[in-house]
Amino acid sequence: MFNFRYNFNKLRNSFFYQDFNYFLKKGKPFPPVMVAWDCSRKCNLHCVHCGAVKEQYKEELKTDAVKKLIDNLSLIGVKFFGATGGEPLLRKDLLEVLEYAYKKGMRTGFATNGFFIDEKMAKKIKEAGIYSIQISLDGSQEVHNKIRGNNQSFQRTINAIKNLQKEKIKLISVGTTITPINFNELEKLRDLLINLRIKRWRICVIMPIGRADKNLSLNSNQLRKLLEFIKLNKKRIDIQVGENLPFLAEYEKMIRNHPTTCPVGFTACCIGVSGNVRGCPEMPDTENFIEGNILKEKFSEIWKNGFKKYRSRQILSTDKKCVQCKNRDDCFGGCWVMRKGNMHCIYDLLKH
């Protein structure tokens, strides 16, 4: 399938990577566009697919330490600072920190289950200058509450969306993780989100971390049907497929208008609960993924000197299957986290 917009964006990406590597060699890499703050692993819900339970921490970064980080991010030109968890709103200083980043010139946002966003909280979010909120919604009331382990969760989520809309938050999106539990909810969810006037729907498949196990992964037939559903409905609602499927085989240009290359080390990274810097929130906070710690050195130095295996595309020379793959320069070896469960190759997932 020919997709002019996709091909143009792919060409633009290739120029970006050339420029990035040129300046990296000179010791002046472009700053990340987006930095995620994995701010807490505390949560009020007990989701069956939760990846955030993969580590637990006795302490979280202090407010002053996060503000010092934001000072450094602002200085080097980071555009977006977003929080995830756990449930970010369980950090009492969340809005204080995000407002600080906003006043430093960054757009801000966070991902939430929506449970705590009543009218009063929505107003505080607006006053903090927050640009975007992603709220998790996994199905109709019965299915969503079953997945989330709380009988109030669905209605609290719907109320949160309406409260944020009332405050005119600029970007309200919904995130859904598709598993066999809610696979048959796709049409219901689509209709619900359209009725709620949601403009962006982010759909992900399960990642092999935390509580997730192989029983929560879609089989090849289900995955193909999911991609067909997205192809048929992408004009009715803006559907974005998560970065853990960075390449979609024959569906790529049917679904996407731009390549979704893993951004780690090029345009994005994550600051962990204890200050460790790693590629993304889903990556385990373990030695092989840690690039440094902001309590020990400046973020700008970590960004300049770290992320070598991602920037060198190491996997394309070490994975024998990737070396021979015709789409190696489209997929770039897939998602590093999906590799933990041998779920990184779209051709294997679709059983080509």
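Heads up: the structure comes first, above all this text.
Residues numbered from 1 in each chain as written. Predicted model: local features only at pLDDT ≥ 70, side-chain atom pairs only at ≥ 80, totals over all residues. Heavy atoms only, no water.

Quick word on the packing of aromatic side chains
In this structure the tally under the stated criterion is 16 aromatic pairs. On the numbers, 6.0 Å between centres and 45 degrees between planes, the contact of F16 with F20 is tilted. With F16 and F20 both in helix 1 (residues 4–25) and four residues apart, this pair spans about one turn of that helix. Under the relative-accessibility criterion, F16 is labelled partly exposed at 25%. Accessibility expressed as a relative area gives 0% for F20, which makes it buried. Relative to W303, the ring of F299 has its centre 6.3 Å away and its plane inclined at 20 degrees; by these criteria the two rings are stacked. Here F299 pairs with W303, and both are found in helix 10 (residues 299–305), just four residues apart, close to one helical turn. You'll find F299 and W303 in the same group, each marked buried. (Phe/Tyr/Trp six-rings, centres within 6.5 Å; stacked < 30°, edge-to-face > 60°. Helix = DSSP H or I, 4+ residues; strand = E, 2+ residues; numbered from the N terminus. Buried < 20%, exposed > 50% of the residue type's maximum accessible area, 1.4 Å probe, protein only.)

What about the nonpolar core?
F81, F110, I125, W201, L226 and F299 are the most contacted members of the largest nonpolar core, which totals 97 residues. Residue contacts for L226: discarding those within four places in its chain leaves I178, F183, L186, I203, V205 and L218. Within the second largest apolar cluster, five residues are counted, among which are L45, C50, A52 and F115. (Core = buried A, V, L, I, M, F, W, Y, C linked by side-chain atoms within 4.5 Å. Contact = heavy atoms within 4.5 Å.)

Things to note about the sheet that holds strand 8 (residues 268–271)
If you trace the 10 strands from one edge of the open sheet to the other, you get 7-6-5-4-3-2-1-8-9-10, paired in mixed fashion. Of all the strands in the sheet, the pair left with one neighbour each is strand 7 (238–241) and strand 10 (292–293). Pairing analysis gives four bridges linking strand 1 (residues 34–38) to strand 8, with the strands arranged parallel. Pairing of M34 across the sheet is with A268, part of strand 8. Packed on one face of the sheet, helix 6 (residues 153–166) meets strand 4 (132–136) and strand 5 (171–178) and runs near 165 degrees to strand 4. (Pairing = 2+ DSSP bridges. Axes fitted to C-alpha atoms, helices over the stretch in contact; angles between N-to-C directions.)

Topic: the pattern of salt bridges
What the rule picks out here adds up to 22 salt bridges. When the shortest N-O distance is used, the salt bridge between E252 and R256 registers 3.1 Å. The exposure class assigned to E252 is buried, which follows from its relative accessible area of 3%. Judged by its relative accessible area of 5%, R256 is buried. Linking D319 and R339 is a salt bridge whose minimum nitrogen-to-oxygen distance equals 2.9 Å. (Salt bridge = Lys/Arg side-chain N within 4 Å of Asp/Glu carboxyl O.)

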